[in-house]
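Inside the fold
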Amino acid sequence: MSEMKSAHTPPLIFEHSKTGRRGYKLPALDVPEEALDAMIPAALRREEIANEVEVSEVDVIRHFTRLSKLNVSIDAGLYPLGSCTMKHNPRINEEIARTPGFAHSHPLQPDHQVQGNLELLWHLEQTLKEIFGMPRVSLQPVAGAHGELTGILMVHKALAKSGNPRKYILIPDSAHGTNPASAAFAGYEIRELKSNSRGTVELSTLEAAVTEDVAALMITVPNTLGVFESEIRSIADILHAKGAYLYCDGANLNAFVGIARPGDMGVDCIHSNLHKTFSTPHGGGGPGAGPVGVSERLVPYLPAPTVERREDGSFYLDYSHPDSIGRMRAFNGNFNVLVRALTYMRSMGPDGLRRIAQLAVLNANYIRARLKSSYHLPYDAPSLHEVVFSDKNQTAKDVHTLDIAKRLMDYGFHPPTIYFPLIVSGALMIEPTESEPKEELDAFCEAMIAIARECDERPELVRTAPHSTPVRRLDEARAARQPVLRWNPAI
Ligand SMILES: *Cc1c(COP(=O)(O)O)cnc(C)c1O
């Protein structure tokens, strides 16, 4: 790794070590050393570190503070990862999630002791029902992909009940990558649908593909090109005429929340990511939530238990759903994420939620307009919340998408999603989200335009980027497969 370090690499904590330096003094040992040997197995002791690192408290604090500043985060600037919706997480969400009644309750407490928690879940379901335009919503799934699996298992059960679970799930080539994985996990085979030149589903292609063996179409709306499937109603009709279901991947509902409702489009099942559209923290593998809304036909198959309200206004968990697919998650999903999401919905209100979609679309189109003379736009259809460019204008200089993304880091921006969607060669997928001010969008566009100029005038500079980061180009496949997550004296 050492040859990849640049002048900006901070020293390791072990390199600060000075003989005799102390941050903290422990009292003298008052038990015999042999007793320690018996208490702590040799395999659990890391003597080489304890003996080697001698640092003061100042060294330690500065070391970790410097390291923390190397983190790229939405709190430090624009994070335009397409399809990820890296938007601001309002701090009021955190305040409410820390309310002792929410934060200190235990999942095994009986219903009568956690009425407030159940009430919150009930209200969140009511709010999502309204947003989706669907009769019921399950809050159990803890990720977008988990919501997809939940939805497809419900479709499977509904079809099995009527005699034949069928064999195939249709998935357009513009879908999110988790869709085929979830469908396969639920036991289905995947058939890919080719998009038309607008980047959307072609009705005649769909009609030819929907046989009696097709269980559902999983469609991402807007799709991964950021394009709205404007024929969604006809798509639903074609599927329903053949007894198949329409699954909508609504992870990025910030494109039309408060403006259009999936239930009104004929969707049978939809998930949305609270850690995208509804501002709960996102990334780092932390807890998420992917609630699933269903149409009337799928209600009997929802995960159990559901939260219900009695006539007297009290709440309870209802397990009496004989056709339920069962539990998808212990207890009530990621409860504290659900608290944050309802806080967000309530603090925005209906008009605020609509405003999210308006601004998300405006911001993406602003970037599209500013960058389209520098970068190639593979699809002409109007963009919603994100815009996809390609490296076609730059490849003549042997500069590619990866190089452009790396160079952006020198300008202080997190790169956009790259090489996705797969139907665009050399894709650069940019999603600014609605929480960015115009100044930040301008700074990003100016960096992108400057890089396009560099691709013409100094391609080598872009090809060898980044130049200012602690580590330069990594072997990314190896870094993902064999991550080194803690210091090891042998490396
Ligand atoms: C992020 C995303 C998913 C997957 O969500 P996870 O929470 O990461 O499982 C699915 N579909 C789309 C369109 C997405 O953007």
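About the criteria used
- Residues numbered from 1 in each chain as written.
- Predicted model: local features only at pLDDT ≥ 70, side-chain atom pairs only at ≥ 80, totals over all residues.
- Heavy atoms only, no water.
- Helix = DSSP H or I, 4+ residues; strand = E, 2+ residues; numbered from the N terminus.
- Rg over C-alpha atoms; globule rule 2.2 N^0.38 Å.
- Contact = heavy atoms within 4.5 Å.
- Areas by Shrake-Rupley, 256 points an atom, 1.4 Å probe, with all protein chains shown as cover.
- Lys, Arg positive; Asp, Glu negative; His and termini not counted.
- Charge placed at Lys NZ, Arg CZ, Asp CG, Glu CD.
- Near = heavy atom within 4 Å.
- Polar contact = N/O pair within 3.5 Å; in protein donor to acceptor, adjacent residues only side chain to side chain.
- Axes fitted to C-alpha atoms, helices over the stretch in contact; angles between N-to-C directions.
- Parallel < 35°, antiparallel > 145°, perpendicular 65-115°, else oblique.
- Left-handed = near helix turned anticlockwise from the far one by under 90°.
- Nonpolar A, V, L, I, M, F, W, Y, C, P; charged D, E, K, R; others polar.
- Patch = residues over 30% accessible without salt bridge, like charges linked within 9 Å, V, L, I, M, F, W, Y side chains within 5 Å.
- Salt bridge = Lys/Arg side-chain N within 4 Å of Asp/Glu carboxyl O.
- pLDDT = per-residue confidence, 0-100.
- Buried < 20%, exposed > 50% of the residue type's maximum accessible area, 1.4 Å probe, protein only.
- Expected span 1.5 Å × (residues − 1).

The next point concerns the overall build of the protein chain. The helix and strand tally for the protein chain stands at 15 helices and twelve strands. In terms of C-alpha radius of gyration, the protein chain reaches 26 Å, essentially the compact-globule figure of 23 Å for 491 residues. The dimensions of the protein chain, computed from C-alpha atoms along their principal axes, are 80 × 65 × 40 Å. Excluding contacts between residues fewer than 6 apart, the proportion of contacts in the protein chain whose partners are at least 24 apart in sequence is 71%. Total accessible area on the protein chain is roughly 23,900 Å²; 54% of this is exposed by carbon and sulfur atoms. Both charge centroids of the protein chain, one from 51 positive and one from 59 negative side chains, sit 2 Å from each other.

In the neighbourhood of the ligand, 14 residues make up the surrounding shell, with S83, G144, D249, H275 and K276 lying closest. In the model, an oxygen atom of the ligand is placed 2.8 Å from a nitrogen or oxygen of the A145 main chain. D249 is positioned such that a nitrogen or oxygen atom in its side chain is 2.5 Å from a nitrogen atom of the ligand. Protein chains bury 85% of the 380 Å² of accessible surface belonging to the ligand in isolation. Among the elements that make up the shell around the ligand, the one with the highest residue count is helix 7 (residues 144–161) (three residues).

The N-to-C vectors of helix 12 (residues 401–410) and helix 13 (residues 438–457) enclose an angle of 125°; their axes lie 10 Å apart at closest approach. Judged by the angle between their axes, helix 12 and helix 13 are oblique. Classified by chirality, the crossing of helix 13 by helix 12 is right-handed. Of helix 13, the residues touching helix 12 (which contributes I404, R407 and L408) are F444, A447, M448, I451, E454 and C455. Its residues assigned to classes, the contact of helix 12 with helix 13 shows seven nonpolar, no polar and two charged.

The next point concerns a nonpolar patch on the surface. A cluster of nonpolar side chains, M39, I40 and L44, forms an exposed patch at the surface whose accessible area comes to about 330 Å². Relative to the assigned elements, M39 resides in helix 1 (residues 33–39).

The next thing to look at is the confidence of the model for the protein chain. Mean pLDDT for the protein chain: 92, with 95% of residues reaching 70 or above. Between residues 1–5, whose pLDDT stays under 50, and residues either more than four places distant or in other chains, the model counts seven contacts.

The next point concerns the environment of I13. Relative to the assigned elements, I13 resides in the segment before helix 1. Judged by relative accessible area, I13 falls into the buried class, the value being 12%. Expressed as a C-alpha distance, the spacing of I13 and W487, which sit 474 residues apart in the sequence, is 9.5 Å. With near-sequence residues (within four places) excluded, I13 lies in contact with V53, V55, D59, V60 and H63.

Bringing helix 13 into the picture now. The end-to-end C-alpha separation of helix 13 is 28 Å, in line with the 28 Å expected for 20 residues at 1.5 Å each. Buried within helix 13 are the following residues: L441, D442, F444, C445, A447, M448, A450, I451, A452, E454 and C455. Of the surrounding elements, those touching the buried residues of helix 13 are helix 11 (335–371), helix 12, strand 12 (427–430) and helix 14 (459–463).

Another point: the environment of D173. Note on placement: D173 falls in the loop between strand 2 (168–172) and helix 8 (178–185). What makes D173 buried here is its relative accessible area of 13%. Considered as a pair, D173 and T224 are 51 residues apart in the sequence and their alpha carbons are 9.4 Å apart. One polar contact links D173 to S195, side chain to side chain, over a distance of 2.4 Å.

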